[in-house]
Structures are given as structure tokens and as C-alpha cells.
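Fold and contact review
Chain residues, written in single-letter form:
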Amino acid sequence: MTLPPFEFASDHAMVRVRGAREHNLKDVDVDIPRNALVVFTGISGSGKSSLAFGTLFAEAQRRYLESIAPYARRLIAQVGAPQVDSIEGLPPAVALRQQRGTPGVRSSVASVAALSTPLRMLYSRAGRYPGHQSMLYAEDFSPHTPQGACPHCQGQGRTYAVTEASMVPDDTLSIRQRAVAAWPGAWQGQNLRDILTTLGHDVDVPWRELPQALRDWILFTDEQPTVPVYPGLDAAQVQEAIRRGQPPGYMGTFSSARRHVLHTFANSPSAMMKKRVAQYLVATPCPVCHGKRLKPEALAVTFAGHDIASLSRLPLTTLAELLTPAAEGRLGEGEELDGAGAPGQRRAAASTHHTAAPDVHRTAWLSEEKVLAAQRLAGELRKRVLALVSLGLGYLSLDRSTPTLSPGELQRLRLAGQLASHLFGVVYVLDEPSAGLHPADGEALLTALQDLKAAGNSLFVVEHDVATMRRADWLVDVGPAAGEQGGEVLYSGPPEGLAEVERSITRRYLLARPAPDALSRRTPRQPQDWLRLEGVARNNLRGLDVSFALDCMNAVTGVSGSGKSSLVSQALLELVAAHLGQPLPGTPDDEADAAEDALAADASISQGGAAGRITAGAGHIRRLVPIDQRPIGRTPRSNLATYTGLFDAVRKLFAATPMARERGYDAGQFSFNVPKGRCEVCEGAGSVSVELLFMPSVYAPCPACHGARYSTDTLQVLWQGLSIADVLHLTVDAACEVFARQPQILRPLAVLQAIGLGYLRLGQPATQLSGGEAQRIKLATELQRPQQRGGTLYVLDEPTTGLHPADVDRLLVQLDGLVTGGNTVVLVEHDMRVVAACDWVIDIGPGAGAAGGRIVAEGPPAAVAAAADSRTAPYLARALAGR
């Protein structure tokens, strides 16, 4: 797409920033044009997000919040005032960030894209009702309301039950050997076993040999007898103690396994406990709503031959076609799309006859009011759906659960909502909108951004994608390096002007493509063996057979929604983990919806026919390491130093100092999570909450330790002139110098530095890290381990997300080193420079959703680049050519 040249803004159409000092910004002065596509560039940690989000958006939000009532202000999550002298000419701003957390299972494409309400209104006002049924309101078509939810399953679409097989997975074990796996562990489980002993049951007989009536009672009874418990005594000794009148240890109350599972799942405040018992529940489709979650009256209403649940399962491209006749007012007498949703096909309503004039003798369903309502509502809905399709999301369905979406897909859903809002004069601040996008999908994104600009808005985009940089009207390059070596605006102007800025690292990638060692190796490794998967079925994958090259670097490519993550992050991980007999690492136990998400995933797998098996190569894999972008911790108490383990060695150094030995301090004294060394006022948090009557609570540095987290006595202990708080404040780069003679500490620091994280501080809270930073910290933690003998399978899903091209080069060198060490690396990747550096490429497609899910091309990068049917091929060919 050829764009008209950008007309430079006059002085009064500029945003003027003076004295910006947020985070690492060094008293920055910069002028940025409005009504333009402005891209903020710079390596990771340079300060570009501090300028775009931390300064410009934060100030726009602050000004808006100051205009509303104080009571309303306290209900809105807000950022503090940015450190800046002045900003002039700043319009209202809307931020579209990459979503770091995982949305709940109840959230869907329809809810995120604000399509739920208009869809329910369409069915309420323009749906076809069965005879004698009165009109329903929009709330009646929602499974999340009491009016609409199926009364049998309460709107979940599934019913949950427990079976003997689910609660007793191994019936060769005895009760003492924990045959009843669904019972709690530790003391609670022992308590239940002791109660059975008191009741006279043999807990040492294999479960399968117990009478069926007894097994049913233990698992399913609602009785809760309370009996004396004699811990440590066998059945005979218990009966003798009762006969003698010996006082029991305590009185215990029995609870069946079913009662424990259902009560814990429904009432426990602990997501970890709910997730534990969820594994013993068996989910089956609701027999009343058949998984559609709505009451029968709502499902009886149809539009274009579909009830609202089946319509929500259609791909968005199909939905847009289905809505077209109604949106254009072309539904006449007896006209309705058939059950398959094929446009233009009619069937006569039972109460009418065929006629040549479709606008005569309308039925009650096609009354004038309903035709007008259908046209208005379907037109608005179709417009919003087409906005999603234009952003490359046509393969999604409205009922797709958001936990299954990538951060890039979520951000594009929100962007589509802004396209439909018709706002004017707004600054949109976007966080890497190209993240997770195939280059072919990037064209649609750029078109959408240009549409927002043409509507009279400004776009401030933090971006690493070189193609987006080249299409920008204006570049703001921040750097030159990361952390304390960054924070300067090196350039602000049209993209071509960056060529004159020698200090800019971005300049080298915008104008040419330097090749590090990993990229200069143009001859791919020759695979010597293969890991073969057959019959893989996940989501849109149907019986796929695929082979990954062992001891090589593999890339799985394809347009967004083609099935890459289904193959790698689901099927490959699940099958290899099952072969190794290990649970999948990295599964979060503390998310609010963890248990329900797990059950929903199990249900979707069962409905989608999850299948597959490893037929060759499994013997070459001794270890599986998935490295994803989940946070390394969910509270500020988790940080870079604690996650990598280097803080243990640091604390031992402080404990070995003369002052610490004299005072009797051990390593625990230097942990801010242990009472004896931390500040008593903030309990090691470093900050305290300040309650304001009509304003939101704010966090201020602790008045006792001033943010240091430790007690005064602890801070008096110095190592090389530094307190323990001083060490946590060091950047990785600075710490490498401080601990140069401490190999145990230097080793993880050097890996973090080599992978491009030298700008992070050792005590930086996990909650302040991006998904890409978290992924690289996990990789660095893995790389610092003592050298393995090989045989490890590393699986990474889009590891270049959030990385500047210079940081991508560093990452590639590390990944290449893993393969050189005799390991296998599998990447899901959209960055064609990375794909060009791999040994084996598997291209999935050719399209998204139902149009994808098969292997289009596979082989060395050059072979895939020559594939005629591959949408990846032309972009890979350019990368191989160095363009």
C-alpha cells in the first residue's frame, strides 16, 4: 500500500514535552506531531515506553481524572503524576497495552470486542420466536445472568460429577497407601483414614478387594459420623482402647471423597485447592442445554436459522456473510437463511405461501418493525465484525474464550473496538500492536492504523517491527542503550532522517541488516534424526502428521490462527510431557480462575477430539523445558534476584562478613521475607498503603526504611561498602562489575547480561516485568545451569515478542548455543530473520481457522521460501536475501 507523504505539522499541532524524567529518562525535551503515525523505537529498556506510556499517556490520564468528581475518581485505577516539567498540546489519550495477565474463562471474543450486547439485542428484537412465546429481553440471552442461564447447569454448559475411576485412579493400592486420591493430603487425609479404622474397616486391603457397598459408602455417602480417633493405632488396638474406655486423641468427623471434592471446588478461597480437586471432576455436556449454557426459551429463538449459541460458534467471516441480507434490508416474506447459514437461500415459513413479491403479506416474524430492527442491529453488528475481519481475526468465533488468545489477538480485539467508536482528536498509545502477527497480517494492521489517523486521530506506537518503522510518519528513537545508558531522545523526525544518527542502534536495522554469528551461518544443520508425531488433533488440527528435526533449531510458522500454537504449545508439550511422565511445568496455581480454566480446557479438548501420539524419536529426549511468557511471580516480593537464585549466594556473602558473624546473623537475616531482618513497619514490602477518604489509596515509601525493605540493624552490615538494599538496587550490568570475583553470583549475572537484560535491577519486582522479559529471565535461569549432556527439548512460543532487532540477535546466539550443546529447540515464530536462521521450518496454513491446520511446506528455510502455496514464503525469501 502506497501512502501519501506526511505533511509536517505546524508549531501549534505539536505535542511539546519538556523535562521528562520518568524512570530512566534524562530530562528529555522532544516535540512530537499530532495527527500522525508516530513510532517510538529503541532497544528493550531504553526508555521508549517510559516516554510514550509513563509520561505522555500518564499525563493525559491525570488531566482527565482531575476533571471528574473526587468520589468517582477513587473508583478508577489510576497512575501517578509523571515526572515531567511540562507537556503542551496533548489531546485526550486512549492506551491499548499488551495484556500481561490471563483473562478469566468467562471472558470471550464477544465480550472483549463489545459484541455481546448488540448480538443479544438482535435476538431480542429481531429474532424468530416460536408460536405463543412472548418476547425476551437481551438479558435472557446471556448465560451469565439468572434470567438467561440454563437452570440445570447454571450457565456453565457442563455438569460436573465424580466417579470411582476419577477418585481412585489405582485400585491396586490400599486406603493407607492413598488409594482414594481425591481425599486431602497431609493430616486431613490421615484423619479420614484413622476414622475408617475406628469404624472397623481394614485400610490395608487393596481397594479392589473391598466390598462394593463399602467402596460406595466411602466415596459417595452424605453421612458424616463423628467418632473417637486414636492416631497411630491399628484396628485391633483401636477396638481394645474403646473397650477399656481409653480417652481418644480427638473426635473426628468423616467426609466422603465426593463431598470433599464438591465442597472444596464450590467454596474454597484457594485457587490452588480448587485446581487440585478439579482433576477428580468429570465434565459432561449439560443434558438440558447440550453445552449451549442458555435456558430453553432463549435457545428456541432463532435468527437466520441459528440460535444465539450456534451463531456465536461461527467464524467471524461466516458471521459477516450471514448478517449481510438483514443489514441490507433484504429479508422479505418467508425469507430466512437456512441452517447452514448460506446467503440467499430461502425457505417458506409455515404460515405463509410463496409469492413473487417478497415484500407482501409479511408474517408476524417479518413485521415492518422487526425488519427495521433487524436492519439497524444487524448492520451495526456486521460493521463491528468486519472491523475484526479486517484485522486478520476472521478465523475467531464470538464464543472463543480469551484465555486461548494471544496478547496480540487481544490487543487487536480492543483496537477493532476503537475503530468502531468513531472518536476524533484522540491520541491512541499502542504497545507493540504487531506482536504475534505474521507479516501478511501486518498489512491489515497498518491499514487499520491509517484509518484511525485519517479519522482525525494521532497514533503513538511503541514498536520493534522494522516494517512498521518504515511506514511511520515520524520516528522518536530513544537510547542509545538500555537502563542508565539509555533515556535520551537520539532522534525525532521522519524515518529517513535516522540515517544521520550514528549513535542509534535502530538505525542499523532500519537501513541495513547486520548479521551476527547465528544469522551468518547460512548452511542449515542436517537433521540426523526426527521426533515424529502422528494423528495430532487440537483445535483446527485434524489428524496431522509432523516431524521435528532433533538436535536442530526448528521454527513453526504460519499466519495468525493457522494452528502453530495448537501444534507446539499444546500437542507437542502434552505428548512429550506424557512420554516423560512429568506434569507440564509452568502451570499457574494462583490464578483466580485456574480451576475453571482447566476444566474448560479439558472440555474443549474433549469436544475438539484431542488426539495424537509420538511414533519416533522420543528416546532422544530426556528432558522437556517449556519457556513461556507467564510472569515469574505475581507479587512484588518476587524479583529478578530471587527467581534466578543468585540472591541466595548474595545473602551468604553478607552473612560471612565480620559484623554479621559478630552479631550472630545468618543468611536469613538478609531476606526481606523473614521477620528477623526486614523492616517491621512495612514487613519487607518497602512501601505502605496510604488511605485517602475520597481518593484512591496510594502507596508511599515506608517512613521507617524509606523503601529499603530492611531494618536499620540489617542495613548496617556492609559488603564491599554496599548494604543488602544497595545490592538489590544495582542493575545487572553494574552487579557484574561488583561481583566480578564471585563466580557463583557472576555466572547467572553474565547470562542475564548476554541475553540483553543488563538494564534490569536485581530487586525489580516481578510485577513490573513484561512477558518478553519474563521469558528471557526463564531462559537465562536455564542457561546458567551446569552444562547438560544434551537431550533437552526447549519449546518457546514467540520468544522475540517485545524485543528490538539488536536484542533478537543476542537471543539467537544463545538459542544457537543450546543446539550446539546437543539439544533441540522448537520455536513458534513470526520474525522472518529468526526463521531464516533456523535449521528446519514447518509452515502451517495456508490460512487461519478452518482454512489452516495443515502443513503447507517444510524443510530448510530456502526450501520453504520457494513454496508456491505458502503465505510465509515471500517474507522468508526477503529475509534470506537480507532485505
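Above: the structure in question.
Per chain, residues are indexed from 1 in the order of the written sequence. Per-residue local features are limited, in this predicted model, to residues with pLDDT of at least 70; the limit for side-chain atom pairs, both in listing and counting, is 80 or more; totals at the level of whole chains, interfaces and linings are taken over all residues. To get the side-chain values, all heavy atoms of the structure are used, and hydrogens and water are removed first.

Thoughts on the environment of Leu760
Positionally, Leu760 belongs in the loop between helix 28 (743-754) and helix 29 (771-783). Distance from Leu760 to Leu730, taken between C-alpha atoms, is 8.4 Å for residues 30 residues apart in sequence. Between two residues, a contact is recorded if the distance between any of their heavy atoms is within 4.5 Å. When residues no more than four places from it in sequence are discounted, the contact partners of Leu760 are Leu640, Leu730, Thr731, Val732, Leu769, Glu773 and Ile777. Comment: elements are numbered from the N terminus, with helices defined as DSSP H or I runs of at least four residues and strands as E runs of at least two.

Digging into the sheet that holds strand 2 (residues 28-33)
Taken together, three strands build an open sheet; the order of strands is 2-1-4 and the sheet is antiparallel. Across the chains shown, the open sheet's two edge strands, defined by having one partner strand only, are strand 2 and strand 4 (86-88). Strand-to-strand twist in this sheet, taken as the mean axis angle between neighbours without regard to direction, amounts to 5 degrees. Pairing analysis gives three bridges linking strand 1 (residues 14-20) to strand 4, with the strands arranged antiparallel. Residue pairing in the sheet places Arg16 in a bridge with Glu88 of strand 4. What makes two strands pair is DSSP finding at least two bridges between them. As a rule, the C-alpha atoms of each element are fitted with a line to give its axis, helices using only the stretch in contact, and angles between N-to-C directions run from 0 to 180 degrees.

Let's talk about the sheet that holds strand 18 (residues 623-627)
Spatial ordering of the open sheet is given by 18-21-22-16-23-24, a layout of six strands whose pairing is mixed. For this open sheet the edge positions go to strand 18 and strand 24 (854-859), each flanked by a neighbour on one side alone. Neighbour-to-neighbour, the strand axes of this sheet turn through a mean angle of 15 degrees, independent of strand direction. As paired elements, strand 18 and strand 21 (residues 792-797) share five bridges and run parallel to each other. Paired with Pro626 across the strands is Val795, a residue of strand 21. Packing of helix 29 onto the sheet brings it into contact with strand 18 and strand 21, and relative to strand 18 it is tilted by some 150 degrees.

Some thoughts on the nonpolar core
Grouped burial of nonpolar side chains is what soluble globular proteins tend to show. Nine residue types can take part in a nonpolar core, namely buried Ala, Val, Leu, Ile, Met, Phe, Trp, Tyr and Cys, and a core is a set of them joined through side-chain atoms within 4.5 Å. For every residue, the accessible area (1.4 Å probe, protein chains only) is compared with the maximum for its type, and the residue is labelled buried under 20%, exposed over 50%, or partly exposed between those bounds. Among the nonpolar cores identified, the biggest contains 158 residues, and Phe303, Val650, Phe739, Leu749 and Leu762 are the most heavily contacted of them. Those residues in contact with Leu762 that lie beyond four places of it in its chain are Asn639, Leu640, Ala641, Leu646, Val727, Leu728, Leu730, Val732, Ala735 and Leu749. Among the nonpolar cores identified, the runner-up in size contains 30 residues, and Ala182, Leu196, Val203 and Leu219 belong to it.

Description of the packing of helix 4 (residues 116-126) against helix 14 (residues 368-390)
Here helix 4 crosses helix 14 at 165 degrees, and the two axes come no closer than 9 Å. It follows from the interaxial angle that helix 4 and helix 14 lie roughly antiparallel. Handedness of the helix 4/helix 14 crossing: left-handed. Of the residues in helix 14, those in contact with Pro118, Leu119, Met121, Leu122, Arg125 and Ala126 of helix 4 are Lys370, Ala373, Ala374, Leu377, Ala378, Leu381 and Arg384. Each residue is assigned to one class: nonpolar for Ala, Val, Leu, Ile, Met, Phe, Trp, Tyr, Cys and Pro, charged for Asp, Glu, Lys and Arg, and polar for all the others, Gly among them. In terms of residue class, the contact of helix 4 with helix 14 is built from 10 nonpolar, no polar and three charged. Each angle is binned into one of four classes, with values under 35 degrees roughly parallel, values over 145 roughly antiparallel, values of 65 to 115 roughly perpendicular, and all other values oblique. Two helices cross in a left-handed way if the nearer one is turned anticlockwise from the farther one by less than a right angle. They cross in a right-handed way if the turn is clockwise.

Focus: the state of the cysteines
Note: disulfide means a covalent bond formed between the sulfur atoms of two cysteine side chains. By convention in this document, the label disulfide applies to cysteine sulfur atom pairs within 2.5 Å. Enumeration according to the criterion identifies zero disulfides in this entry. The cysteine Cys682 is free of any disulfide, with Cys705 supplying the nearest cysteine sulfur at 3.7 Å.

Topic: the packing of aromatic side chains
Within 6.5 Å between ring centres, the rings of Phe, Tyr and Trp (the latter by its six-membered ring) count as paired, and their orientation is classed by plane angle as stacked under 30 degrees, edge-to-face over 60, tilted in between. Inspection of the entire model under this criterion finds 13 aromatic pairs. Each ring, one from Trp187 and one from Tyr250, has its centre 5.6 Å from the other, and the planes form 45 degrees; the classification is tilted. One end of the pair, Trp187, is in helix 6 (residues 186-198); the other, Tyr250, is in strand 8 (residues 250-253), with 63 residues separating them in the sequence. We classify Trp187 as exposed; its relative accessible area is 53%. Arranged with centres 4.8 Å apart and planes meeting at 10 degrees, the rings of Trp217 and Phe254 form a pair that is stacked. Remark: Phe254 occurs in the loop between strand 8 and helix 9 (257-267) and Trp217 occurs in helix 7 (residues 212-220); sequence separation between them is 37 residues. On the accessibility criterion, Phe254 (0% relative accessible area) is buried. What links up through ring pairs into an aromatic cluster is the set Tyr123, Phe141 and Phe303. The ring centre of Phe265 lies 5.8 Å from the NZ or CZ of Lys274, which sits over that ring. One cation-aromatic arrangement involves Arg709 over Phe672; the distance from NZ or CZ to the ring centre is 4.2 Å. The rule is short: NZ of Lys or CZ of Arg within 6 Å of the ring centre and within 35 degrees of the ring normal puts a charge over the ring.

What about the pairing of strand 11 (residues 458-462)?
In terms of burial, strand 11 is a largely internal element, five of the five residues being buried. The alternating pattern of strand 11 places Ser458, Phe460 and Val462 on one face and Leu459 and Val461 on the opposite face, and all of these are buried. In terms of strand pairing, strand 3 (residues 37-41) meets strand 11 through four bridges, oriented parallel. What sits directly across from Leu37, in strand 11, is Leu459. As defined by bridge partners, strand 10 (residues 427-431) adjoins strand 11 across five bridges and the pair is classed as parallel. Looking at the pairing, Val427 lines up with Ser458 of strand 11. With helix 16 (residues 439-454) bridging strand 10 and the parallel strand 11, this β-α-β connection has right-handed handedness. The handedness of a crossover follows from its direction of travel: if, with the strands pointing away from the viewer, the path from the first strand over the helix to the second runs clockwise, the crossover is right-handed.

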